[in-house]
Amino acid sequence: EDVLAQLEQRRETLDDAELWQLAHLIDTRRGADAAEPHLRELLRRIPRHAAAAYTLGYNLLDRDDAEGVGLIEMAMERDSNATAPGSRVIASYLHRQGKIEEAERYEARAAQAEAAQAEAEHERESVYRKDSFLPHALEPAELSTLAAELAKHPRVKRAWLARKDLKHNPDSPVFVLGIDKGFDWRAYLRAKGIDVDKAGPDPLVDELASTLPFPGEAFIVPLHAEN
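Presented here is a report on the structure given in the accompanying data block. Fair warning: this is a prediction, and the values are worked out from it, not measured in the lab. (Residues numbered from 1 in each chain as written. Predicted model: local features only at pLDDT ≥ 70, side-chain atom pairs only at ≥ 80, totals over all residues. Heavy atoms only, no water.)

Let us look at the packing of aromatic side chains. Under the definition given, this model contains one aromatic pair. Ring geometry for Phe-175 versus Phe-214: centroids 6.1 Å apart, planes at 25°, classification stacked. In this pair, Phe-175 sits in strand 3 (residues 174-180) while Phe-214 sits in the loop between helix 10 (203-211) and strand 4 (217-222), placing the two residues 39 residues apart along the sequence. Judged by its relative accessible area of 14%, Phe-214 is buried. (Phe/Tyr/Trp six-rings, centres within 6.5 Å; stacked < 30°, edge-to-face > 60°. Helix = DSSP H or I, 4+ residues; strand = E, 2+ residues; numbered from the N terminus. Buried < 20%, exposed > 50% of the residue type's maximum accessible area, 1.4 Å probe, protein only.)

In structure tokens form, the structure reads like this:
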């Protein structure tokens, strides 16, 4: 409440980010009617502000005002993450208007977006045998910094860096760093079919994951006879 009060006291001098914060806080705490003038002012300043357009569009459709459709359409155009929920909101409005066929088209659009989002999340949640890889494409300075940090870990004998070939959101990279820690006799024997208990979790992997300066998401993969 203190933040909201401070923003309201400075109402006439707020920059765009602060105006969005004010509008969002008012929408959350005081409701759609109180937030509407602030959202409309932000959209006058930034006509394609996706979050403001989505919020105002949602509120308008909630009271069956057709203006909300165009606002949510614009938000979906600007931010693909809005496609699934935005399509559901529009579909619900169209059902209330008795426009069943049009509503079903939006529901199909939502389902397609949800499937794509699930696929995108899946390809980022691990490293799979079927994955394809690309050159890491790091800048020389980024690579030098990464190599210098790796050199602080004498257990890492060699390392290979690649980037996952992503179908979804390829501009947001996922790196894979394969490390060679030297001969792993347990993994070697298991690969030969000899039953040997696995060692406990190696803290090196967690340490590397938390300290290496990757410009994006990354997986650390120990390379040995089983992997």
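For the rest of this paragraph, the subject is unusual backbone geometry. Most peptide bonds are trans, and most residues other than glycine sit at a negative phi. The backbone of Ala-137 sits at a positive phi, close to 60°, despite the residue not being glycine. Positionally, Ala-137 belongs in the loop between strand 1 (133-134) and helix 8 (140-150). Non-glycine residue Asn-169 carries a positive phi angle of around 50°. The topology assignment puts Asn-169 in the loop between strand 2 (158-164) and strand 3. Given the relative accessible area of 46%, Asn-169 is considered partly exposed.

Another point: the sheet that holds strand 4. Here we have four strands laid out as an open sheet, ordered 1-2-3-4, and mixed in their pairing. Edge positions in the open sheet fall to strand 1 and strand 4, since each of these has one partner strand only. Two elements, strand 3 and strand 4, share six bridges in a ladder whose sense is parallel. Bridge assignment links Phe-175 to a residue of strand 4, and that residue is Ala-218. The strands touched by helix 10 are strand 3 and strand 4; relative to strand 4, the strand with the most contacts, the crossing angle is about 155°. (Pairing = 2+ DSSP bridges. Contact = heavy atoms within 4.5 Å. Axes fitted to C-alpha atoms, helices over the stretch in contact; angles between N-to-C directions.)

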